[in-house]
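The chain contents come next:
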Amino acid sequence: MKYDVIIIGGGASGLMCAATAAYRGRKVLLLEHTKKIGRKILMSGGGRCNFTHLHNTPANFLSANPHFCKSALSRFSAADFVELVDRHGIEYHEKTPGQLFCNESSKEILQLLLTECEWSGAELMTETSVFEVEQGTAGYHVRTSRGQFDAESLVIASGGLSIPNGGATGFAYEVAEQFGLQVTPRQAALVPFTLQPDLLEHLKPLSGVSQPVTVSCNGMSFSENLLLTHRGLSGPSILQISSYWKPGDEIEIDLLPQLDLDAWLKEQRQQRPKAELRTLMAQHMTKRLAQTLCELWGFEGEVGQYSNARLQEVVQQFKHWCLKPSGTEGYRTAEVTLGGIETDEVSQKTFEAKKAPGLYFIGECLDVTGHLGGHNFQWAWASGFCAGQYV
Ligand SMILES: Cc1cc2nc3c(=O)[nH]c(=O)nc-3n(C[C@H](O)[C@H](O)[C@H](O)COP(=O)(O)OP(=O)(O)OC[C@H]3O[C@@H](n4cnc5c(N)ncnc54)[C@H](O)[C@@H]3O)c2cc1C
């Protein structure tokens, strides 16, 4: 069974690549090992798929080579994907500035891709396990549970390691290593933090409470919500900073980024000296959060009794809360994998491996990781589209 192009992985980048290549007249076969095509698309954005970010730029990506993603992102932009979404009549809205979500359901984005594959003539095959990939004289042989398929071009679009029980595998890294390509160390990213047992014990009862904060780590900061969970810390600010965090690092949380807390507390001390500190702090966060944190840090009593030095300690804790997460929830709940196949190993124009002509890598398996907010799908669309023009 001969094809021009075989794509392994029926996710965001693979589907985009399949349709793009098939529209060029290439005979395309896409192989997916699970029953379901596009599972992560369906799970994404809380079921509404945050399919792109209007203000997507290369600065929204982590990579050992920050220039690598520029070319593809400029050849297939957020506006290009929005144009496709419009053409399919999908209604969407902008949530947090720039982040576009479906009004109805993620199913619509998957349906868009399936329709494009159908119109272009790309063939999709699910429940097909790939046992072996081999380079032949005129292309690649792919041995699978449904027999052997051969193609001139082989595209690896099997994604990263997050959500292993949804079909994620390390297949792309294995193929990369088989052909002598370097792979950088990987870690779960866009992932909640777990906490040391003693701190968790204090914070657990606050599970479900959120607070707009600024979180910083290793020179990067994000100002978004923090969510306390029964395992530790989550919410967009935490997911974002997790991509910059390494085991053992401290993170710093400003619980009141909009407030000059020092000046405000001194004013309150003068105007309401009998007010309890926890009561005052509850003006800027939920009562339970204010109470728990005041207890945790030993800030009892009336504000009138606080010296300037003691007030400074309050400011230090609430504006510069330094804590060391014990770890992350790992690939079980991570949205993406940080790191991957070294970008120097593939062409930024075609995504073809420099050491293996005819072999392409696209999407999350590469060492290109986006911020939260639709950037990861934008990378999948852009890399899939660009490779689809050359395979
Ligand atoms: C819960 C969740 C929510 C997310 N929400 C968003 C969001 O709202 N916006 C956003 O931009 N990003 C989001 N992401 C990230 C986004 O889903 C990924 O970045 C994107 O799907 C990566 O595309 P990909 O094509 O590289 O890989 P995937 O979409 O993961 O596709 C890879 C495919 O390859 C298949 N596969 C794996 N191994 C093999 C093998 N050996 N043989 C055959 N097939 C194989 C997998 O089953 C899968 O279908 C979310 C991720 C998660 C986990």
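Preceding block: the structure.
**Quick notes on the environment of Thr144**
Here is step 1 of the chain: Its location among the elements puts Thr144 in strand E9 (residues 139-144).
Here is step 2 of the chain: Sequence-distant contacts of Thr144, that is, excluding residues within four places in its chain, are made with Leu31, Thr128, Ser129, Val130, Phe131 and Phe149.
Here is step 3 of the chain: A distance of 2.9 Å separates a polar atom in the side chain of Thr144 from the backbone nitrogen of Arg146.

**Examining the side chain of Thr34**
Here is step 1 of the chain: Positionally, Thr34 belongs in the loop between strand E2 (28-31) and helix H2 (39-43).
Here is step 2 of the chain: Taking the relative accessible area as the measure of exposure, Thr34 reaches 13% and is therefore buried.
Here is step 3 of the chain: Side-chain polar atoms of Thr34 contact the side chain of Glu32, separated by 2.7 Å.
Here is step 4 of the chain: Among the polar contacts listed, one links the side chain of Thr34 to the backbone oxygen of Lys36, at a separation of 2.9 Å.
Here is step 5 of the chain: Apart from residues lying up to four places away in sequence, Thr34 is in contact with Arg39, Thr126, Glu127, Gly166 and Gly167.

**Considerations on the site of the ligand**
Here is step 1 of the chain: Close contacts around the ligand come from 32 residues, with Ser13, Glu32, Thr169, Glu364 and Phe377 the closest.
Here is step 2 of the chain: Here Phe377 contributes a backbone N or O atom positioned 2.8 Å from an oxygen atom of the ligand.
Here is step 3 of the chain: A total of 1,000 Å² of accessible area belongs to the ligand in isolation, and the protein chains cover 93% of it.
Here is step 4 of the chain: Broken down by secondary-structure element, the contributors of at least two residues to the shell around the ligand are helix H1 (12-23), H2 and helix H13 (375-388).
Here is step 5 of the chain: With four residues, H13 is the largest single contributor of residues to the shell around the ligand.
Here is step 6 of the chain: Classifying every residue of the shell around the ligand gives eleven nonpolar, 17 polar and four charged.

**Focus: the side chain of Thr369**
Here is step 1 of the chain: You can see Thr369 is positioned in strand E21 (residues 369-370).
Here is step 2 of the chain: At 3.3 Å, the side chain of Thr369 and the backbone oxygen of Thr337 are in polar contact.
Here is step 3 of the chain: Sequence-distant contacts of Thr369, that is, excluding residues within four places in its chain, are made with Asn60, Phe61, Leu62, Val336, Thr337, Leu338, Gly339 and Asn376.

**Focus: the pairing of strand E6 (residues 99-102)**
Along any regular strand the residues' side chains alternate between the sheet's two faces.
Here is step 1 of the chain: By the alternation rule, side chains of E6 split into Gln99 and Phe101 and Leu100 and Cys102, which are all buried.
Here is step 2 of the chain: In terms of strand pairing, strand E3 (residues 50-53) meets E6 through three bridges, oriented antiparallel. Paired with Thr52 across the strands is Leu100, a residue of E6.
Here is step 3 of the chain: Here strand E5 (residues 92-94) pairs with E6 via three bridges, running antiparallel. When the bridges of E6 are listed, Tyr92 appears paired with Cys102.
Here is step 4 of the chain: Linking E5 back to E6 in an antiparallel pair, the connection comprises four residues, with Gly98 at a positive phi of about 95°.

**Observations regarding the packing of aromatic side chains**
Here is step 1 of the chain: Counted according to the given criterion, the structure contains 16 aromatic pairs.
Here is step 2 of the chain: Measuring from ring centre to ring centre gives 5.9 Å for Tyr140 and Phe179, while their planes differ by 70°; the resulting arrangement is edge-to-face. Highlighted residues: Tyr140 in strand E9 and Phe179 in the loop between helix H6 (171-178) and strand E11 (187-189), separated in sequence by 39 residues. We note that Tyr140, like Phe179, is buried.
Here is step 3 of the chain: Feature note: the residues Phe51, Phe81, Tyr92, Phe377 and Trp381 constitute an aromatic cluster, connected by ring pairs.
Here is step 4 of the chain: Sitting over the ring of Tyr3, Lys27 keeps its end group 4.4 Å from the ring centre.
Here is step 5 of the chain: In this arrangement the basic side chain of Arg186 is found over the ring face of Tyr173, its NZ or CZ atom lying 4.4 Å from the centre.

Rules used in this analysis
Residues numbered from 1 in each chain as written. Predicted model: local features only at pLDDT ≥ 70, side-chain atom pairs only at ≥ 80, totals over all residues. Heavy atoms only, no water. Helix = DSSP H or I, 4+ residues; strand = E, 2+ residues; numbered from the N terminus. Contact = heavy atoms within 4.5 Å. Polar contact = N/O pair within 3.5 Å; in protein donor to acceptor, adjacent residues only side chain to side chain. Buried < 20%, exposed > 50% of the residue type's maximum accessible area, 1.4 Å probe, protein only. Near = heavy atom within 4 Å. Areas by Shrake-Rupley, 256 points an atom, 1.4 Å probe, with all protein chains shown as cover. Nonpolar A, V, L, I, M, F, W, Y, C, P; charged D, E, K, R; others polar. Pairing = 2+ DSSP bridges. Phe/Tyr/Trp six-rings, centres within 6.5 Å; stacked < 30°, edge-to-face > 60°. Lys NZ or Arg CZ within 6 Å of the ring centre and 35° of its normal.

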